[in-house]
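Geometric and topological summary
The chain contents come next:
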Amino acid sequence: MAVADLGLWYTELTRPKLECIKKKGLTYWKLSDAVGILSPKEFEEKKDSWKKDWDKLCDECRSEIDEFKETYIVDDDLDSRKGRLIAILKTLVNQPMDFIAKIWKDTLKHFSGNSEYKLEAYGGIVTAFLNDTQLNPLKTIDDWVGGVSQKMEAVVTKDDRYGVFLSHQGIKSDGYGGQSSAMKINVSLVKQIYEDKLLFSGNEPVPVFFDNDSMVAGDHQIKAMLFSAYASDQIIAFMDNDFFTKKWCLMEYFLAKHGRGTLRPFLVDSPYAPVLPQDTVYDEVAKDLKAATSGRFLQTLQNYFIERNREDYSSRVLSVEV
């Protein structure tokens, strides 16, 4: 079992022993980092290693994106172009999105190990790094996704388009070696309400993308998620703190930001989101998911769909569970 999975129990058990050997030295610093008890001032020292990692990642990723732009052929058949796009989007997921996710996961670890500090004390350090005017990690990532998404416009079809796309983190660690599926269960209830309440002009139900039943195994699920996040009309992102530790959630967000539809982020159980571009506008700030199914919000969505036709959207069967 990983140290980070032991959560607060491990921290409280080891804190007295750690305090006894506390000193300004490399051994202590590494131990405190591993256990997750760095103070914000100590945590800020990690920016140097982040910068080194970012410089290496940036060079590698920029090289792959430049090659993609030079070799992408607009006259290729649809499947070939989609395949090229999926490949470069996977690169963005496994490099810059994973980079952000790991930093934020580490942030939460140290915040959990130091109850005397607020999350903002750690998150502000991450925000400052990601928006550094010289490095520009967040803007660079946003520009990369924006450039790739321009190619997506020509290849998405109505099979990629859902009325509503639900973005969320699914199963997460509870900090004690167990897992919690509360968010996925709650979002599945939101999906049921949308399917019951939202109707097109012909009274047909609006198709809702939810990764528990809108994807099939293998690369098809990646293709479905990536293109539907870009092509769907209403992208509703339920952003709790763990949302930002998931590289695929981050990819969904950036694609939706540059996509065809309207991005509607909900901050759930957290007023703090340091890892998103500063031009993000939050539609709602909610303590739970109830705001996403309130009468006012449902009416907003219904007013949009009542003027649209079912035949313009995906007809995929939404019953396959993975």
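Scoring rules and cut-offs
Residues numbered from 1 in each chain as written. Predicted model: local features only at pLDDT ≥ 70, side-chain atom pairs only at ≥ 80, totals over all residues. Heavy atoms only, no water. Helix = DSSP H or I, 4+ residues; strand = E, 2+ residues; numbered from the N terminus. Contact = heavy atoms within 4.5 Å. Areas by Shrake-Rupley, 256 points an atom, 1.4 Å probe, with all protein chains shown as cover. Patch = residues over 30% accessible without salt bridge, like charges linked within 9 Å, V, L, I, M, F, W, Y side chains within 5 Å. Salt bridge = Lys/Arg side-chain N within 4 Å of Asp/Glu carboxyl O. Lys, Arg positive; Asp, Glu negative; His and termini not counted. Charge placed at Lys NZ, Arg CZ, Asp CG, Glu CD. Buried < 20%, exposed > 50% of the residue type's maximum accessible area, 1.4 Å probe, protein only. Expected span 1.5 Å × (residues − 1). Arc of directions from axis to C-beta. Pairing = 2+ DSSP bridges. Phe/Tyr/Trp six-rings, centres within 6.5 Å; stacked < 30°, edge-to-face > 60°. Lys NZ or Arg CZ within 6 Å of the ring centre and 35° of its normal. Core = buried A, V, L, I, M, F, W, Y, C linked by side-chain atoms within 4.5 Å. Disulfide = S-S within 2.5 Å.

Examining the overall build of the protein chain
Scanning the protein chain for helices and strands turns up 11 helices and 7 strands. Residue pairs at least 24 apart in sequence account for 75% of intrachain contacts in the protein chain once pairs closer than 6 positions are excluded. As displayed, the protein chain has an accessible area near 15700 Å², and 50% of this comes from carbon and sulfur atoms.

Notes on a negative patch on the surface
A cluster of acidic residues, Asp59, Glu60, Glu64, Asp66, Glu67 and Glu70, forms a negative patch on the protein surface. Topologically, Asp66 is positioned in helix H4 (residues 47–71).

Looking at unusual backbone geometry
Look at Asn136: it is not a glycine, yet its phi comes out positive at around 55°. Relative to the helices and strands, Asn136 is located in the loop between helix H6 (119–130) and helix H7 (137–152). Residue Asn136 is classed as partly exposed on the basis of its relative accessible area of 25%. The phi angle at Asn203 is positive, at roughly 70°, despite the residue not being glycine.

Considering H6
The first and last C-alpha atoms of H6 sit 16 Å apart over 12 residues, in line with the 16 Å expected at 1.5 Å per residue. Those residues of H6 not exposed but buried are Leu119, Tyr122, Gly123, Ile125, Val126, Phe129 and Leu130. For H6, the buried positions fall inside an angular range of 150° around the axis, keeping them on one side. Residues of H6 that are buried sit in contact with helix H3 (40–43), H4, helix H5 (78–112) and H7.

Comments concerning the pairing of strand E1 (residues 164–167)
Residues Val164 and Leu166 of E1 are buried on one face, and the alternating residues Phe165 and Ser167, pointing to the opposite face, are buried as well. Bridge analysis of E1 against strand E4 (residues 208–209) gives 2 bridges, and the strand direction is parallel. Residue pairing in the sheet places Phe165 in a bridge with Phe209 of E4. Pairing geometry for E1 and strand E5 (residues 234–239), over 4 bridges, is parallel. Across the sheet, the residue bridging to Leu166 is Ile236, located in E5.

Focus: the pattern of salt bridges
By the definition in use, this model includes 12 salt bridges. Notably, a salt bridge pairs Lys47 with Glu44, separated by 3.9 Å at the nearest N-O pair. The partly exposed category is assigned to Glu44, whose relative accessible area is 38%. In this structure, Lys139 and Asp143 form a salt bridge, with 2.9 Å as the shortest nitrogen-oxygen distance. Of this pair, Lys139 and Asp143 both sit in helix H7, separated by 4 residues, roughly a single helical turn. Judged by its relative accessible area of 49%, Lys139 falls in the partly exposed class.

As for the packing of aromatic side chains
Summed over all chains, the structure comprises 18 aromatic pairs. Between the aromatic rings of Trp54 and Phe99, the centroid separation amounts to 5.7 Å while the plane-to-plane angle is 40°, which identifies the pairing as tilted. A residue pair is termed long-range when its members are at least 10 positions apart, and Trp54 in helix H4 and Phe99 in helix H5 qualify at 45 residues. One exposure class covers both Trp54 and Phe99, and it is buried. A connected cluster of aromatic rings, assembled from ring pairs, spans Phe43, Trp50, Trp54, Phe99, Tyr117, Tyr122, Phe129 and Trp144. In this arrangement the basic side chain of Lys82 is found over the ring face of Phe227, its NZ or CZ atom lying 4.8 Å from the centre. When the ring centre of Tyr313 is taken as reference, the NZ or CZ atom of Arg161 above it lies at 4.0 Å.

With respect to the nonpolar core
Core analysis: the largest hydrophobic core is formed by 64 residues, its most contacted members being Trp54, Leu92, Trp144 and Met251. At the level of elements, H4, H5, H6, H7, helix H9 (219–231), E5, helix H10 (247–257) and strand E6 (262–268) are the ones that each hand at least two residues to this core. Among the elements that take part in this core, H5 stands out by supplying 13 residues, more than any other. Leave out the neighbours within four places in its chain, and Leu92 touches Cys61, Ile65, Met97, Trp144, Val145, Val148 and Met251. Counting residues in each nonpolar core, the second largest holds 22 residues, with Tyr194, Leu198, Phe200 and Phe238 among its members.

A closer look at the environment of Ile65
Mapped onto the secondary structure, Ile65 falls in helix H4. With 24 residues separating them in the primary sequence, Ile65 and Leu89 have C-alpha atoms 9.6 Å apart. Leaving out residues up to four positions away in the same chain, Ile65 has contacts with Ile88, Leu92 and Trp144.

Focus: the state of the cysteines
This structure, assessed with the given rule, holds 0 disulfides. We note that Cys58 lacks a disulfide partner, and the nearest cysteine sulfur, in Cys61, lies 7.7 Å from it.

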